[in-house]
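# Observations on the three-dimensional arrangement
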Amino acid sequence: MLIGVPKEIKNHEYRIGLTPAGVKELVMNGHQVMVENNGGAAIGFENDQYVAAGASIIDSAEEIFAKAEMIIKVKEPQPNECRMLRPGQLLFTYLHLAPDPQQTELLVASGCTAIAYETVTDPRGGLPLLAPMSEVAGRMSIQAGAHHLEKAQGGLGALLGGVPGVAPAKVLVIGGGVVGTQAARMAVGMGADVTILDRSLPRLRQLDTEFDGRLRTVYSTADAVEQYAIEADLVVGAVLIPGAAAPKLLTRDIIGRMKKGAVVVDVAIDQGGCFETSKATTHQEPTYVVDDVVHYCVANMPGGVARTSTIALTNATLPFAVALANKGVKQALWDDEHLMNGLNVHAGKITYKAVADVLGYSFVEPKTALGA
Ligand SMILES: NC(=O)c1ccc[n+]([C@@H]2O[C@H](COP(=O)([O-])OP(=O)(O)OC[C@H]3O[C@@H](n4cnc5c(N)ncnc54)[C@H](O)[C@@H]3O)[C@@H](O)[C@H]2O)c1
């Protein structure tokens, strides 16, 4: 199969759809890969590394879109990219169609087949192509929080781990899923005093076993949030209710009673945020202050560590990309119900129910749309 990897064009997006190692795997499977000139250069993946892996370097995105049978990307295609897609062509990337009627309309009009990373599932009910970015954001939340606790960044001037003779800072993690677990892991590793809240008792049991007494697990109630937030130096918001906006667990009133210079990192901001005072920020201006509490609410945290994120993403997407290239899209989808769950658009039809429902399209079962 002829595979194309264009350079990402969304503002401040430095990730790329495949690492050189990913290219090499596909080439070893007998496929050809075109990578756009300097597509990974911003994160240290140079053209010569892609060439050494067997890719050809192509100067223009237009040529890649015109020739490739499968396009592998990171972010949703921008309108001019959507207009270059054609019937029969496969797009494999994050799409997030539900809140994006324009992109949906353009993908439907293109006639292409679009598989969304974020809706591919795994046998344990997880989202294997979303998890790596949650892992990155979870780990990063503590790094960002620790940095902004420094006095010069507006924080109260506390060191997460303390030092001998000085108590460690108190970290509250709300939500013990993928993000929360990785945040807790970093906070524990830095020597902080960590409490993690969740509404799932099985999850709290797992965390209790996993961390073997090195953190406190507490059932999440409004009272618990209030009690631990008011004492905390750093709060990480990591809740998710699938398919719903994040609940506003940290109210304005609680924020107003927190320590001056405390830091709150709302990782759930991409679902609307779980603090009442949260509004999305960017890596250029990541924080703002409400009631003397520093808010960090960057909506695309993994973009800040684009090299790590690119490698983590390729690790997760590559087996699917290889299957799609080896078998062809129809066979690969028929053979793997979890990959099939990723199919959002096929030949002008919406094949993902939640997207069809929210945007007013008629839903066509993926298997029906694909045909035998
Ligand atoms: N900002 C970013 O760059 C970025 C990057 C990756 C993920 N995210 C977001 O982070 C959030 C968490 O993602 P995840 O992968 O960890 O999800 P997840 O499903 O693995 O975990 C969510 C956890 O929240 C818990 N929860 C639900 N309601 C709760 C409540 N009231 N109190 C306490 N816990 C509660 C659930 O039981 C679950 O364990 C999502 O909104 C995701 O979109 C943001």
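Residues numbered from 1 in each chain as written. Predicted model: local features only at pLDDT ≥ 70, side-chain atom pairs only at ≥ 80, totals over all residues. Heavy atoms only, no water.

The criterion, for reference: UniProt positions are given in the numbering used here, feature names are shortened, and annotations may be inferred rather than shown by experiment.
The protein goes by Alanine dehydrogenase in an unreviewed UniProt entry, where it is assigned to Simiduia aestuariiviva. One UniProt comment on the protein, placed under Sequence similarities (unreviewed entry), says "Belongs to the AlaDH/PNT family." UniProt lists a comment for the protein under the heading Catalytic activity (unreviewed entry), and it reads "L-alanine + NAD(+) + H2O = pyruvate + NH4(+) + NADH + H(+)".

### Digging into the sheet that holds strand E12 (residues 287–290)
Cut-off, in case you're wondering: Whether two strands pair comes down to DSSP finding at least two bridges between them. Only DSSP runs of H or I with at least four residues qualify as helices, and only runs of E with at least two residues qualify as strands; both kinds are numbered from the N terminus onward. Lines fitted to the C-alpha atoms define the axes, with helices restricted to the stretch that makes contact. Angles between their N-to-C directions range from 0 to 180 degrees. By definition in these notes, contact holds between two residues if any of their heavy atoms fall within 4.5 Å.
One open sheet accounts for seven strands, arranged E9-E8-E7-E10-E11-E13-E12; its pairing is mixed. On the outer flanks of this sheet lie strand E9 (216–219) and E12, each paired with one strand and no other. Taken pair by pair, the neighbouring strands of this sheet meet at an average axis angle of 20°, ignoring direction. Sheet topology note: the E12/strand E13 (residues 293–296) ladder contains four bridges and is antiparallel. If you follow Tyr288 over to E13, its bridge partner there is His295. In the packing of helix H6 (residues 131–148) onto the sheet, contacts are made with strand E7 (170–174), strand E10 (234–237), strand E11 (263–266), E12 and E13, and the angle to E10 comes to roughly 150°.

### Focus: the layout of surface pockets
Where empty space is left becomes clear once a probe the size of a water molecule has been rolled over the atoms. To be explicit about the condition: A cavity here means a set of points on a 1 Å grid, drawn over the protein atoms and nothing else, where a 1.4 Å probe fits but cannot get out; a pocket is an open set with protein on both sides within 12 Å along at least five of seven lines, and a residue lines either one if it has an atom within 4 Å of a point. Grid points are joined across faces, edges and corners, and a volume is the space filled by probe spheres set on the points. Gly counts as polar in this scheme, as do all residues outside two lists: the nonpolar Ala, Val, Leu, Ile, Met, Phe, Trp, Tyr, Cys and Pro, and the charged Asp, Glu, Lys and Arg.
Estimates place the volume of the second largest pocket at around 160 Å³. If you go around the second largest pocket, the residues you meet are Met140, Gln143, Ala144, His147, His148, His283, Pro286, Tyr296, Val298, Gly304 and Val305. Broken down by element, the lining of the second largest pocket gets its largest block of residues, five residues, from H6. Looking at the lining of the second largest pocket residue by residue, the classes come out as six nonpolar, five polar and no charged.

### What about the site of the ligand?
So the rule is basically this: Proximity is defined per residue: any heavy atom of the residue falling within 4 Å of a molecule or strand makes that residue near it. We call two N or O atoms a polar contact when they sit within 3.5 Å, provided that within protein one can donate a hydrogen and the other can accept it, with sequence-adjacent residues counted only if both atoms are side-chain atoms. The method behind every accessible area is Shrake-Rupley, applied with a 1.4 Å probe, and residues are considered shielded solely by the protein chains displayed.
Around the ligand sit 26 residues in total, of which Val179, Asp198, Ser220, Asp270 and Met301 are the nearest. Between Ser134 and the ligand, the recorded distance is 2.8 Å, taken from a side-chain N or O atom to an oxygen atom. With respect to the ligand, the side chain of Ser220 contributes an N or O atom lying 2.7 Å from a nitrogen atom. Protein burial of the ligand: of its 880 Å² of free accessible surface, 86% is covered by the chains. Elements represented by at least two residues in the shell around the ligand include exactly H6, helix H7 (178–189) and strand E8 (193–198).

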